[in-house]
Every structure is written in C-alpha cells, then in structure tokens.
Amino acid sequence: MSWQQKIDAALSERRSADTLRRRHAVSQGAGRWLIADGCKYLNFSSNDYLGLSQHPQVIRAWQQGAERFGVGSGGSGHVSGYTTAHQAFEEELADWLGYPRALLFISGFAANQALIAALMAKEDRIIADRLSHASLLEAASLSPAPLRRFSHNDTQHLARLLAAPCPGQQLVVTEGVFSMDGDSAPLRETDRAARAQNGWLLVDDAHGIGVVGEAGRGSCWQQQVRPDLLVVTFGKGFGVSGAAVLCSESVAAYMLQFARHLIYSTSMPPAQAQALSAALTVIRGEEGRARREKLTALIQRFRSAVSTREFTLADSQSAIQPLIVGENGRALQLADALRRQQCWATAIRPPTVPAGTARLRLTLTAAHEPQDIDQLLEVLHGAG
Ligand SMILES: *Cc1c(COP(=O)(O)O)cnc(C)c1O
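The structure displayed is predicted, hence computed values, not measured ones.

### Quick word on the overall build of the protein
Working step 1: On a plain count of helices and strands, the protein comes out with 14 helices and 14 strands.
Working step 2: Principal axes of the C-alpha set define a box for the protein whose edges measure 55 × 50 × 50 Å.
Working step 3: For the protein, the proportion of contacts with a sequence separation of at least 24, taken over those separated by at least 6, is 68%.
Working step 4: When the accessible area of the protein is evaluated, it comes to approximately 17,500 Å², of which 49% is carbon and sulfur surface.
Working step 5: Here the protein carries 38 positive and 36 negative side-chain charges, and the mean point of each set is 3 Å from the other.

### Looking at the UniProt feature "modified residue: N6-(pyridoxal phosphate)lysine" (unreviewed entry) in the protein
Working step 1: Following the UniProt record, one finds the feature "modified residue: N6-(pyridoxal phosphate)lysine" (unreviewed entry) at Lys236.
Working step 2: Considering the arrangement of structural elements, one finds Lys236 in the loop between strand 8 (229–233) and strand 9 (243–247).
Working step 3: Note on Lys236: relative accessible area 18%, which makes it buried.

### What to know about the UniProt feature "binding site: substrate" (unreviewed entry) in the protein
Working step 1: Per the UniProt record, "binding site: substrate" (unreviewed entry) is annotated on Arg21, His133 and Thr352.
Working step 2: Residue His133 is classed as partly exposed on the basis of its relative accessible area, which comes to 29%.
Working step 3: With residues up to four places along the chain from it excluded, the contact list for His133 reads Glu175 and Ser179.
Working step 4: In this structure the side chain of His133 is engaged in a polar contact, spanning 2.7 Å, whose partner is the side chain of Ser135.
Working step 5: Mapping Thr352 onto the fold places it in the loop between strand 13 (346–348) and strand 14 (358–363).
Working step 6: Dropping the residues within four chain positions of it, Thr352 is found in contact with Arg21 and Met180.
Working step 7: At 3.2 Å, the side chain of Thr352 and the side chain of Arg21 are in polar contact.

Calculation rules
- Residues numbered from 1 in each chain as written.
- Predicted model: local features only at pLDDT ≥ 70, side-chain atom pairs only at ≥ 80, totals over all residues.
- Heavy atoms only, no water.
- Helix = DSSP H or I, 4+ residues; strand = E, 2+ residues; numbered from the N terminus.
- Contact = heavy atoms within 4.5 Å.
- Areas by Shrake-Rupley, 256 points an atom, 1.4 Å probe, with all protein chains shown as cover.
- Lys, Arg positive; Asp, Glu negative; His and termini not counted.
- Charge placed at Lys NZ, Arg CZ, Asp CG, Glu CD.
- UniProt positions renumbered as here; feature names shortened; annotations may be inferred.
- Buried < 20%, exposed > 50% of the residue type's maximum accessible area, 1.4 Å probe, protein only.
- Polar contact = N/O pair within 3.5 Å; in protein donor to acceptor, adjacent residues only side chain to side chain.

Shown next, in the form of structure tokens:
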C-alpha cells in the first residue's frame, strides 16, 4: 500500500462507520453562547464549568501580565522561561491543595505523558480504570511498563490485579470525575486498595478541580483522600488552559530532572500564570462559591425534568450530563436536531467511548440561566 492509499483507506473507514471527526470554526465558543457561521447558539458543549473564561478579573490579569512580561515566556523553564509569575502560582496552588509542591505544565495531556514516562520502568505495572482519559491510557501504552485495566470504578477488580506479583512498583490511575460519563471514582476505596499493596495512586481531577469539593478543591478534598500524584488541569473549571502536578518535594525534584515535557518545551506564557492566579482567587472566594451553587441548581433542574423514557441518563451529579443513545448515527442526528433549534452539543462516538455507547455529551455551566436549561429540555424532548 502506498502512503496515499494507506491514508485514504483510514479516512474512508472512519467515514463509513460514522466516526469521522470534524472541526467547526466558531467565532466564539466558551461561555453561555457559541457563535458559528453568524448564528448564535446556547452552548452546551464547553468545559468552562464556572464561566471563568469570560471573567473580567481573569481577562485583566492576562492583559496586565502580557504588558509586564510580554506574550511569551521565551523558553523552557530550565532556561529562562520560569518567571516569578509561574513561581507564585505554583506556590498558591500547592498551598491551596495541601501539597509540598506544584509543577506547571502546558496541558493536562503533557502532564500525564510526562509523569508516566518519567516514573514507569519495565518491571513496574500501571493499573488504570478502563475509562481513563486518552492522555493517561496512551501514556501508559507507550511506557515500557505493562498496562492492566480494571472495570470502571470496580475496586475489587483493582485489588485482584494489584495482588498479582509485580517485580517493580505499581501505579494506580483513575480520575476524579470521568470526562465522558460525569460520574465520580470511589477514591477512598481506590486509595485503600493501592496502599494495601504499597502502590502509588495518581488521580487526574481535570473535571473536578475548581468545581466540586470544599471551596472548589476538587474530588480528592471532597472524598478526603490525598493521592501521591494529583493532576489538575486549567482548561475546564479554571476557564484558561494548562495543568499542574501536585506532589512531594522529592517527586518534584525528580520531575525537574527527568520530565522531558518540562525540559524540552517552552513554558506557558507568564501572563497565563497570572490569569490562573486570578482564576484561583475567584474560585476560592465568595464568588466561586456562588457560581458552584448556581451550577448545582442548574444540574438539578436538568436532571429532574429530562425525559428518561426517551434517553438513558448517565449516573452523574456533575456538570457533565451525557445522554447515551447507542448508535453513532443517532447521536449525530440528535446533535443536528439540537443545532437547528439553536442549541449546541457534541455527539461523542467511539473510539472516544466504548462501541455502542455513542452519546450526546451535554455540559452545563454557571454561565447558563435557568431558562437556558428549560429551552434545552424543550428542544431535546421535541427531537427525541
Ligand atoms: C481534558 C482532560 C485532559 C487533558 O487536559 P488538557 O489540558 O486539555 O490537555 C486530561 N485528563 C482528563 C481527565 C481530561 O478530561
């Protein structure tokens, strides 16, 4: 097969299975509204759960940072790209979450790749929840350590896998709130199972941080566990972009020596670190609490009124409210029907989710108003 044939065959396979992914250039996509092709839609596909991407204080902090530092960091943090703005935010974050150290990464994807690549060796073993994010599973399958997956949220299955002899160290991987299902991991039992075999626990709380738990501290505070490695990302509840690993002093020192994603990559712009500090101030304060309460009320409004005759509602109390429809074509049709009625939501299909569980992934945010939820429900029930 030539290069051209190989590429064409892969594309046509996707096309015939209704799994071809498409991008759509929007003129505005975060916040309550999404504007595309000159039309305005209610936006039910953004992970900006608290609406902070549009927050005036966060925007101003980014602007002021750009004026002070310029728009780029100028290099890797190991050269000249680590500024007092990065340092200040790392310290605030570590203090807020109760860890000795925080290390900033440009994305959650990079943080997960870096951690697993730097820590895992051939004799070790990674044991991950089956539904873990692609960035975790991909890092695990690229690493020299074998990967075992446990059934979703099944800590007994996890314990059985952990009990099998392992010549090296074991790393248990799970998430706080699962990105495509919206449910939470049983973190206490997961932590107990890992500890019973002297394994370490990595929790990726991309969808929990800022949004759940006491003062927005995320799923681990909510369930009172303190994993060895905590990954938080800033493209969701923080409304910005970037990520951090929370860890011990020695893991941070080790990562600064061995994490290639830190050493060989330009650090995030200092202005972004300043915007993140401003977002954290909002999250920790009274306004953050009010936004979380508003979001909780909107979630309840949605769940109490959605028709469960037509849709399978996921077992989710979070801002992620997927409607599982099964077939790929049906998920696409439903997303199209919503779009014709000015509601924007994304059809999620395999391989992002298991085959036969295509879904409409609806996300609610504190930027929505109660009447937005009512409109969504009306459109959904009409389309169902
Ligand atoms: C979104 C997400 C990531 C990736 O984070 P980015 O900062 O967007 O690269 C990692 N893990 C989970 C669980 C996510 O949902």
